[in-house]
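Descriptive analysis of the structure
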Amino acid sequence: MIDAELVEVNVFDNQRGGRAWTSAANRPTRLGSPTCRAAIAAWTAIGLVLLVLVATGCAQPAARPSPSAVTVAPPAPIRVGAVFPLQGNAAGLAGEQLKGVQIAADFVNADGGIGGRRIVLDVRDLASRDDATAVMAGLKSDGVSLVIGAYSSDLSIAASQAADAAGLVYWEAGAVADQLTGRGLPLVFRVGASGTNLGSNSAAFAARVLAPRLGATPGDLRVAIVNAEDEYARSVADAAARTAAEAGLSVVARASYNLSLPRWPALMSELSSTRPDVVILASHIPDGIAFRRAMLAAGLKVGALIGSTMAECSPDFAGELGQNAIGVFASDRPTGGFQPSALSPTARATYDRLATAWMSAGGAGSTPAPKEREYGGYGRDAQPGGSGNQSDSIKGPVEEGSAAAGPTEEGLSGFSAAWALFRDVLPGAVAAGLDPAGIAAAARTVDLPDGALPNGAGLRFSAGPATLGQNERAAAVIWQWQAVRSYTFVWPNTYATGSVAFVPLPK
């Protein structure tokens, strides 16, 4: 029996955020009125139904739905294509480069992403240059507008061409062939050194460091420049020749040899007749080793031999030549373990963070020394990684495998390229929606001084048609084999971990 004077009828409304609302605009209804009698009759009927359900054991306690929560979806991630050879001879060193790229993405994500958006790498196998068009088409169809890769010059030249044709930005992680940024492709960029950088670096080192040690002025220093007869080695040698001329060096010989049939005795005789103080060599790996052996066989003695490309930077060079490698210089990209003064405080902190992450990711087992690289197409006779024997391991300026040793050359190259892209370029492209044109435009506005990146480089991309997209502040160093399988950074001074020695070359 209902004895209350007033009654309110409340109905739970899921349409209104789970809040109860009161019938009849919350107006009280008097007992005895038609409205009240109808309401009482209705509720009496409901009560009877509930009693029947309870009696038959079918009743369930009424559960009040929890207030609906407003769910905010996380921002969509930024997907970046990563194309590298994941199988075969090149996979080991390409994997080091990819590892550097992944660590850079991990760091940016740990720091909050780009405008709150995480970077996700879409890794794809680029086994052959013939696969480049299909791989880029697949990435584009999946909504990717930016690709980083591809370790070797042969793969990178094809990949960058295919990416540009597909309207994708291509960002090089390590390959050095000049042709990569020598075709005027507006969506292609390289942070690291080119072959021109390495060749020019050799001539500058000869003029500034070797000339006074050999008791000569730059104008008196006699330089011979030798290259393998292919486009890549020739471009390196041409860069050395240009810089030598600018520095006032006396270039007494420009010589070349056929990779298939080098005719070493004739070449050594030609060089001997010019009496060079310094030889700058642009070679691949097997022929670079053979060149040094031919020098020794011919008794050609010089003040210094500088390798501007692969051979002298390879464990095979040191491992196969042993004592006969001591004193030879190499012009190369930086690897881990160089002098900390090459970096700004911010870059140094990033480098230390990278070194720790590299070791945690299993990088400690990788030698920090420069390794044989498959620059692809150029030096295709080489088998990256050398013999793999433990006795062929290389020692750098700090203890191998320690955090101080830092990443390998490939790892540092991949990380530095990706770090510049993720940290310095993409935030500026967000307003443009991260479309390829916006990313390219943002890249061209970046202006970082030397030492701002973890490999000691700065960043400013060339706008010249012949070098469009090449970093004008890429890092290159000179190091020297100073003991069997052991090297030391000697120039520039900011990188140096030791002094120049063995000048003139002992034999």
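These notes cover the structure that comes with them. (Residues numbered from 1 in each chain as written. Predicted model: local features only at pLDDT ≥ 70, side-chain atom pairs only at ≥ 80, totals over all residues. Heavy atoms only, no water.)

Counted by the stated rule, this structure contains 17 aromatic pairs. Their ring planes at 75° and their centres at 6.2 Å tell us that Trp481 and Tyr487 sit as a pair that is edge-to-face. In terms of burial, Trp481 and Tyr487 fall into one category: buried. Judged by relative accessible area, Tyr487 falls into the buried class, the value being 0%. Of the aromatic side chains, those joined through ring pairs into one cluster are Phe338, Tyr351, Trp479, Trp481, Tyr487, Phe489 and Tyr495. Above the ring of Trp358, the side-chain terminus of Lys99 is found at 4.4 Å from the ring centroid. Cation over ring: Arg353 sits above Phe107, and NZ or CZ is 4.0 Å from the ring centre. (Phe/Tyr/Trp six-rings, centres within 6.5 Å; stacked < 30°, edge-to-face > 60°. Buried < 20%, exposed > 50% of the residue type's maximum accessible area, 1.4 Å probe, protein only. Lys NZ or Arg CZ within 6 Å of the ring centre and 35° of its normal.)

To continue, consider helix α6 (residues 231-247). Between its first and last C-alpha, α6 extends 24 Å over 17 residues, near the 24 Å set by a 1.5 Å rise per residue. Buried within α6 we find Tyr232, Ala233, Ser235, Val236, Ala237, Ala239, Ala240, Ala241, Thr243 and Ala244. The inward-facing, buried residues of α6 abut α5 (195-213), β10 (222-228), β11 (250-257) and β12 (278-282). The positive-phi residue at the C-terminal boundary of α6 is Gly248, with phi of around 80°. (Helix = DSSP H or I, 4+ residues; strand = E, 2+ residues; numbered from the N terminus. Expected span 1.5 Å × (residues − 1). Contact = heavy atoms within 4.5 Å.)

The two faces of strand β7 (residues 146-149) match: Leu146 and Ile148 on one face and Val147 and Gly149 on the other face are all buried. With three bridges joining them, strand β5 (residues 78-84) and β7 adopt parallel strand pairing. By the bridge assignment, Ala82 is partnered in β7 with Ile148. Two strands pair when backbone bridges link them, and β7 and strand β8 (residues 169-172) are joined in this way by four bridges, in the parallel orientation. In the sheet register, Ile148 faces β8, and the bridge partner there is Trp171. (Pairing = 2+ DSSP bridges.)

This part is about the pattern of salt bridges. The full count for this structure, using the stated rule, is 13 salt bridges. With its nearest N and O atoms 3.0 Å apart, the salt bridge here joins Glu409 to Arg333. A residue pair is termed long-range when its members are at least 10 positions apart, and Glu409 in helix α11 (residues 409-429) and Arg333 in the loop between β14 (329-332) and α10 (345-360) qualify at 76 residues. Like Arg333, Glu409 is buried. The salt bridge involving Asp424 is made with Arg423; its shortest N-O contact spans 2.8 Å. According to the relative accessible area criterion, Asp424 is partly exposed, its value standing at 21%. (Salt bridge = Lys/Arg side-chain N within 4 Å of Asp/Glu carboxyl O.)

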